[in-house]
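Each chain, written out:
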Amino acid sequence: MKRLLIKITNLLAILLGGVAFSTSCSSSSDTTLINQEVDINTTKEALKFLNENRNYTFSYEGDLLRNHQYIFNEYYVGRYVDSSESLTYFYCSNSGGTFKVEFSDLYGRYITSEYRSNNNVWDTNLIPHYYQKFSDYLETIEDDVDELRIKNTDFKRTFIMMMGYEGDSFIDIDSLLAQYDNDSESLVFTITIKSKTYIYRVNNFNKTTFDVENLLPTGIFKPYVPTYDEQLTKTLMSANNYFQGIYQYSETGNGYVGNNVFNPHYFATVYNGSTTLTGYISLHAEEVSEGSNAHPALNGTYFVSVQNYNSSNAVPSINSRPISDNNDVTEVMNYPNHLLLLDNFHRFVSWNGTEDEQVLGTGIYTEDQEILFDFSKNFALDTAFEGQKPDSLGIDININGTDDDSIIFYYYFYYGTTKYVYPIPFFGFGDANIPVLDAIYQTYHTIED
């Protein structure tokens, strides 16, 4: 662990010390094209504007559950939800890249994320848009078309995503019509989904702005820079090599009953006092038809069990069929490196622990419901404690390059009016290896992915 920590420490010094953060993201920085006259008179001209420009408003008219409005601007893209008079969130671009600014009901203020991309928001997949995506399709549209029935699949997929749905939902679209309304200077989209019709309107061409300067006294937003301990947590958890202590919950307390072993090539569970392990392993090899090592072609993630796993008499057994054709066990088993919190430390505050859960290192804490639900789902706590209501999450980061290093998650939840805590400790970073599973992987994973 010490050698791993030294390497990570050197990397963090580069990451945290070598980045120059630009700090401009305000309405004063994106007035170049605002209020320039736009000559739009036809449906095709309006669609052409969406393909060639980045300044307009996209809004829904009606009582759909997902009432919202996007504002598109050269340097930021924001979203209102329902009848809010303030932006729920927006993505801001500056010379360093793009980061997210979101209003937190929990903290009563806007908070900023880390950089989500090194590129301008318009060169990312952070938001759905039409900029420079449909030039070929526009060539097929008649200049004088009035009401256009849109059949282009990619156009419909983007539209359904702008409505707030998953892109695959475009298959449910019965029809999508576009027509420019000269009276309101708007491009009106009429979309019918499963026999229900909704109206969307695009307007404020080259006139869309938002008074970002009023969100903070300075009018300047900086992307969040994780603390050393937060970045170290992200790096260690993303390495996919550690042990997780398993606790058996009971009314009298949480009893430590064994470990989960997270390795980039396999996942295993070992209970205290048992000589048998069970788990899943990634395999990828061509068929071997002869010899003592004959086996069929392998490609996927397979269930594995091993008796006497920690001795020279280990007896492994691998299922002939994979549980998944994906041979990346970290994805199949949804490793903690996929946790939403690892990219959202800006939603945490400092934490000193509780009388029962004393912080050994650096403590951070959140009540953010999106993070809590994601955490609960990742560790299957939503099914293990069915009917529970997430309350909060505390993290104790105690990493000093010793054998006692740990990152402990304290998940707090309610059953009725009673509050409970479930600890999930991680330790042994860089040391989570089981020799018999290493041997199986080296033998049956001979094709590089």
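Per chain, the residues get numbers from 1 upward, laid out in the order the sequence is written. Per-residue local features are limited, in this predicted model, to residues with pLDDT of at least 70; the limit for side-chain atom pairs, both in listing and counting, is 80 or more; totals at the level of whole chains, interfaces and linings are taken over all residues. Side-chain measures were taken over the full set of non-hydrogen atoms in the model, leaving aside hydrogen atoms and water.

1. Notes on the environment of Asn 352
What counts as a helix is a DSSP run of H or I of at least four residues, what counts as a strand is a run of E of at least two, and both are numbered from the N terminus. Its location among the elements puts Asn 352 in the loop between β17 (349-350) and β18 (362-366). Taking C-alpha positions, Asn 352 is 8.9 Å from Tyr 365, a pair spaced 13 residues apart along the chain.

2. Considering the pattern of salt bridges
Any carboxyl oxygen of Asp or Glu within 4 Å of a side-chain nitrogen of Lys or Arg constitutes a salt bridge here. Tallying each qualifying case throughout the model produces 9 salt bridges. With a shortest N-O distance of 3.2 Å, Asp 368 and Arg 347 are connected by a salt bridge. A residue pair is termed long-range when its members are at least 10 positions apart, and Asp 368 in the loop between β18 and α7 (369-378) and Arg 347 in the loop between α6 (329-332) and β17 qualify at 21 residues. Taken individually, Asp 368 and Arg 347 each receive the classification buried, so the pair is uniform in this respect. Several salt bridges converge on common partners, so that one network encompasses Lys 100, Glu 102, Arg 347, Asp 368 and Glu 370. Burial classification: accessible surface area is computed with a 1.4 Å probe over protein chains only, and a residue below 20% of its type maximum counts as buried, one above 50% as exposed, and the rest as partly exposed.

3. Overview of the pairing of strand β8 (residues 173-181)
Two strands make a pair as long as DSSP finds a minimum of two bridges between them. With 3 bridges joining them, strand β7 (residues 147-149) and β8 adopt antiparallel strand pairing. For Glu 147, the partnering residue across the bridge sits in β8 and is Gln 179. Relative to strand β9 (residues 186-193), β8 is paired through 8 bridges, and the arrangement is antiparallel. Bridged to Leu 177 within β9 is Thr 190. Count of turn residues in the β8/β9 antiparallel hairpin: 4 residues, of which Glu 185 carries a positive phi of about 50°.

4. Some words on the packing of aromatic side chains
Any pair of Phe, Tyr and Trp rings, taking the six-membered ring for Trp, is counted once the centres come within 6.5 Å. Such a pair is stacked with planes under 30 degrees apart, edge-to-face with planes over 60 apart, and tilted for the rest. Overall, the coordinates contain 43 aromatic pairs when judged by the stated rule. Arranged with centres 5.7 Å apart and planes meeting at 25°, the rings of Tyr 411 and Phe 413 form a pair that is stacked. The pair formed by Tyr 411 and Phe 413 is uniform in burial state, with each residue classed as buried. Definition used: whenever NZ (Lys) or CZ (Arg) falls within 6 Å of the ring centre and also within 35 degrees of the ring normal, the charge is taken to sit over that ring. The ring of Tyr 89 carries the charged tip of Lys 100 above its face, separated from the ring centre by 4.6 Å.

5. Points about the nonpolar core
Soluble globular proteins tend to pack their nonpolar side chains together in the buried interior. With 43 residues, the main nonpolar core has Leu 187, Phe 189 and Ile 191 as its most contacted residues. We call two residues in contact whenever any of their non-hydrogen atoms come within 4.5 Å of each other. In contact with Leu 187, not counting residues within four places along its chain, are Thr 43, Ala 46, Leu 47, Leu 50, Ala 178, Gln 179, Tyr 180, Tyr 200, Arg 201, Val 202 and Phe 205. Formed by 33 residues, the second largest nonpolar core is a distinct cluster that contains Ile 399, Tyr 411, Tyr 420 and Ile 424. Among buried residues, those of type Ala, Val, Leu, Ile, Met, Phe, Trp, Tyr and Cys that are joined through side-chain atoms within 4.5 Å constitute a nonpolar core.

6. Describing helix α5 (residues 228-238)
Two residues of an α-helix separated by three or four positions point the same way, owing to the 3.6 residues in each turn. Across the 11 residues that make up α5, a large majority, 9, are buried. Taken residue by residue, α5 has Asp 229, Glu 230, Gln 231, Leu 232, Thr 233, Lys 234, Thr 235, Leu 236 and Met 237 as its buried positions. Two residues or fewer past α5, Asn 240 is found with a positive phi of approximately 55°.

7. Some details on the side chain of Arg 347
Taking the relative accessible area as the measure of exposure, Arg 347 reaches 6% and is therefore buried. Identification of polar contacts relies on pairs of N or O atoms within 3.5 Å, with a donor-acceptor requirement for protein atoms, meaning one able to donate a hydrogen and the other able to accept it, and with residues adjacent in sequence counted only if both atoms are side-chain atoms. Within the local environment of Arg 347, its side chain forms a polar contact with the side chain of Asp 368, the two groups lying 3.2 Å apart. In contact with Arg 347, not counting residues within four places along its chain, are Glu 102, Tyr 107, Ile 111, Leu 340, Tyr 365, Thr 366, Asp 368, Glu 370 and Ile 371.

8. Thoughts on the pairing of strand β14 (residues 276-285)
With 7 of 10 residues buried, β14 is to be regarded as a mostly interior element. Pairing of strand β13 (residues 266-271) with β14 involves 5 bridges; the strand directions are antiparallel. Counterpart to Ala 268 in the pairing with β14 is Gly 279. Hairpin connection from β13 to β14: 4 residues lie between these consecutive antiparallel strands, with Gly 273 at a positive phi of about 80°. The pairing of β14 with strand β15 (residues 298-307) spans 10 bridges and is classified as antiparallel. What sits directly across from Ser 282, in β15, is Thr 301.

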